[in-house]
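Structural description and commentary
Spelled out from the first residue to the last, the chains are:
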Amino acid sequence: MNSRQRYKAFISYSHRDRKAAEWLHRALETYRAPRALASADRSLRPIFRDRDELSASANLNQVIRDALDLSDALIVLCSSASAASRWVDQEVAYFLTGGGPERILCVITPDTPPTTALGEILPPSLRAALPAGVEPLAVDLRPDADGKRLARLKIAARLLGVSLDRLVQRDARRRLRVMAAFTTVAMAVTVGMGAMTVVTLKSRQIAREQRDETEALVAYMLGDLRQQLEPVGRLDLLDGVSAKVLAYYGKSRTDRLDDKALAQRAKAQTLLGTIREQRGDLAGAEDAFGQAAATTHALAARDPKNGDRIFDEAQNVFWLAYVQWRRGDFLKAEEGLKHYDELAQRLVKLDSNRAEWRVEVGYARSNLGTLLFERGRPEEALAAFRGALEVFGAELARAPNDKTRIADATNSQAWAADSLLRLGRPREAFVERERAANLLARAAAADPADKRLAAKDVAMQLALARLEVDLGRLAQARARSEASLRRLHTLSALDPSNARWREYLVVGQLDAVEIACWSGRLAEARAAYAGAAASLAELNASEKEKVWRADLEGRLARQAIILAQEGGDPGRARDLAAALLTALKAGKPEETAELEGFARFAQGQASEAVSVLSPKLASMSLASRDVLARAYLATGARSQAGSIVRLLKKQGYEHPAFLAFWRDSPSGGI
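Description of the structure in this document. (Residues numbered from 1 in each chain as written. Predicted model: local features only at pLDDT ≥ 70, side-chain atom pairs only at ≥ 80, totals over all residues. Heavy atoms only, no water.)

1. Topic: the nonpolar core
- Membership of the largest hydrophobic core comes to 87 residues, with the highest contact counts inside it found for Leu 337, Tyr 340, Ile 561, Leu 628, Tyr 632 and Trp 662.
- When residues in this core are grouped by element, the largest group, eight residues, is from helix 18 (residues 426–446).
- Counting residues in each nonpolar core, the second largest holds 28 residues, with Leu 24, Leu 77, Ala 151 and Ala 156 among its members. (Core = buried A, V, L, I, M, F, W, Y, C linked by side-chain atoms within 4.5 Å. Buried < 20%, exposed > 50% of the residue type's maximum accessible area, 1.4 Å probe, protein only. Helix = DSSP H or I, 4+ residues; strand = E, 2+ residues; numbered from the N terminus.)

2. Remarks on the layout of surface pockets
- There is about 2000 Å³ of room inside the second largest pocket.
- Lining the second largest pocket we find 50 residues, and of these Asp 140, Ala 449, Asp 450, Lys 451 and Arg 452 sit closest to its centre.
- Counting residues per element, the lining of the second largest pocket draws most heavily on helix 6 (residues 147–160), which supplies five residues.
- The class makeup of the residues in the lining of the second largest pocket is 26 nonpolar, seven polar and 17 charged. (1 Å grid on protein atoms, 1.4 Å probe; cavity = no way out; pocket = protein on both sides within 12 Å on 5 of 7 lines; lining within 4 Å. Points joined across faces, edges and corners; volume = space filled by probe spheres on them. Nonpolar A, V, L, I, M, F, W, Y, C, P; charged D, E, K, R; others polar.)

3. Quick word on the packing of aromatic side chains
- Overall, the coordinates contain 12 aromatic pairs when judged by the stated rule.
- Taking the centre distance of 4.9 Å and the plane angle of 20 degrees together, the rings of Phe 10 and Phe 48 count as stacked. Here Phe 10, found in strand 1 (residues 9–12), pairs with Phe 48, found in strand 2 (residues 47–49); they are 38 residues apart in sequence, far enough to count as distant.
- Aromatic ring contacts, followed pair by pair, group Phe 289, Phe 318, Trp 319, Tyr 322 and Tyr 340 into a single cluster.
- Directly above the ring of Trp 357 sits Arg 354, whose terminal nitrogen or CZ lies 3.9 Å from the centroid.
- Over the face of the ring belonging to Phe 330 we find Arg 375, whose NZ or CZ atom lies 3.7 Å from the ring centre. (Phe/Tyr/Trp six-rings, centres within 6.5 Å; stacked < 30°, edge-to-face > 60°. Lys NZ or Arg CZ within 6 Å of the ring centre and 35° of its normal.)

4. Some details on the packing of helix 16 (residues 378–398) against helix 17 (residues 403–422)
- Where helix 16 meets helix 17, the closest approach of the two axes is 8 Å, and the angle between their N-to-C directions is 160 degrees. By the criterion of interaxial angle, the relationship of helix 16 to helix 17 is roughly antiparallel. Remark: the crossing between helix 16 and helix 17 carries left-handed chirality. The residues of helix 17 that touch helix 16, namely those facing Pro 378, Ala 381, Leu 382, Phe 385, Arg 386, Ala 388, Leu 389, Phe 392, Glu 395 and Leu 396, are Arg 405, Ile 406, Asp 408, Ala 409, Ser 412, Gln 413, Trp 415, Ala 416, Ser 419, Leu 420 and Arg 422. (Axes fitted to C-alpha atoms, helices over the stretch in contact; angles between N-to-C directions. Parallel < 35°, antiparallel > 145°, perpendicular 65-115°, else oblique. Left-handed = near helix turned anticlockwise from the far one by under 90°. Contact = heavy atoms within 4.5 Å.)

5. Examining unusual backbone geometry
- In this model, Arg 45 is joined to Pro 46 through a cis peptide bond whose omega is -5 degrees.
- Assignment of secondary structure puts Pro 46 in the loop between helix 1 (18–29) and strand 2.

6. Observations concerning the state of the cysteines
- One pass over the structure, following the stated rule, counts zero disulfides.
- Not part of a disulfide, Cys 78 finds its nearest cysteine sulfur in Cys 106, a span of 4.1 Å.
- Judged by its relative accessible area of 2%, Cys 106 falls in the buried class. (Disulfide = S-S within 2.5 Å.)

7. Side note on the pattern of salt bridges
- In total, this model carries 32 salt bridges according to the counting rule given.
- Among the salt bridges present, the one from Lys 403 reaches Asp 450, with a minimum N-O distance of 2.5 Å. Taken together, the residues span a long stretch of sequence, with Lys 403 in helix 17 and Asp 450 in the loop between helix 18 and helix 19 (451–470) at a distance of 47 residues.
- The buried category is assigned to Asp 450, whose relative accessible area is 14%.
- With a shortest N-O distance of 2.9 Å, Asp 408 and Arg 405 are connected by a salt bridge. Of the two residues, Asp 408 and Arg 405 both sit in helix 17, three residues apart, roughly one turn of that helix. (Salt bridge = Lys/Arg side-chain N within 4 Å of Asp/Glu carboxyl O.)

Below, the structure is given as structure tokens:
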């Protein structure tokens, strides 16, 4: 049997999924891997597909068994029909006798309803072979998921034993060569036709038709071509597209351009701004977005009842404000985001029945809230986030199962909770965060196949556990943290390449360090710290451009100092604090002030800690308020320390470290 022709794969499917099976068979057998891959055999031929599902026999015939024995992999088209198919289940069961489920590729058919979970459409024999609670990674042919092109590459990568990234890059380059050639030819044809028009064609009618053709090409370049180039990251070609469009319109006087031409020019300017922003050219991006905003504003002024024009202006106003934000021009950014909110409200007044316009108001207020939060204005940020939540809550009531609306509402509630924390109101923050967590948990439970939703749910649970520590509920925090870490380990095992999930895991491990430390389990805390440090190092190693982060590296450094202090080694704690201060010099002062204040105090520099922290008292974390109070006490400013402590107690702050110092320590009595 070994001398017979082997198959790259065997496609198992229900006859109801015949069209999908025929497409998949054709797509795989016609695929040729790039020459640059080292594999000697770059073809996926042959693929076995049973043309007629078995009907005469109760068991698999010998032809099918032989084909399964000679196949390197089994591709199962998963649908409700295949899950109920006796033949599909028998083929899977027989294939499993020769190995484990890792050689089986699940492919969700394009007609499967979007709400259907993978577990519901797996053949029973495959479901039984998988560990409890684990689903195989699946390729999803549905249009709103992988789609056919990416699905083909995913399956090819698996069958060829190469990384998906390599095939995507090679496929993108191959497609881009074709598109670049087409673009060059199209532009050459456009220029040539334009020249012929000027030289040989005097008829106004012919000239008008030529202009329409040229602008149709421009519309293609700004539309379909852009959509094809953006996902593969070819900013150079996109840059060339926008430059050619702007050069075309630059040949005409602005006052002679009609509204359609001005709108397309604005789109080209927006595209150019987007490219420059992604390249890090923020000054160039601001200039491009500024021009686009001015153009769309002029168009909206000409037709103030045209909502589409107002919408275009709103998008450019947002982008301009966003770039100004990144450049540190916070006054202009705030002004721009408020103008964005005004434009969004104008859209709703024009037509309150359009959901995409109603949510613009929510997005405007949410973005403004984020800026205000980062600028240390939590009271104003809270008002903005609650305004956004009012909008998103109303939309969620209209569509309770819409994942986007759920994400919008929970994000606004989470930001509101963070704002309340910055205002020193942990009890209220917990209530707000718990509401968001309950909503997210219900959504995740309703769609267990959506692992991204599950990851967001876990992140929300971790945030709740941290709040429980602040409120002195260590037992609840520990249980919630451990359950979340178990879920994170499962998610990470499903997709080890997902950096966001691995980051969630690091955060959960850092939480575990603090919970163990303040529960009096110092040895357990040290072990958890070692695990968190190793996970963070592994995460950093996978990133091409790593930036030091206060919430990860900074938090880990702070924990090392606390562990040294709790372990009775003040000398090591001071050395670690000095190392942290050195690391902070490379960061932004507004993002690292709280860490600096903590490190100064850990070094015994109480006055310096007060100087760093006191200006930020109104918007600091609860832990940093505690540090400031202790620094005040160390400098003899007992009244200032007492004021902070009494307010923290009033708001329900009962962190174990806070209670131990201010209640039990003789030096801490206020």
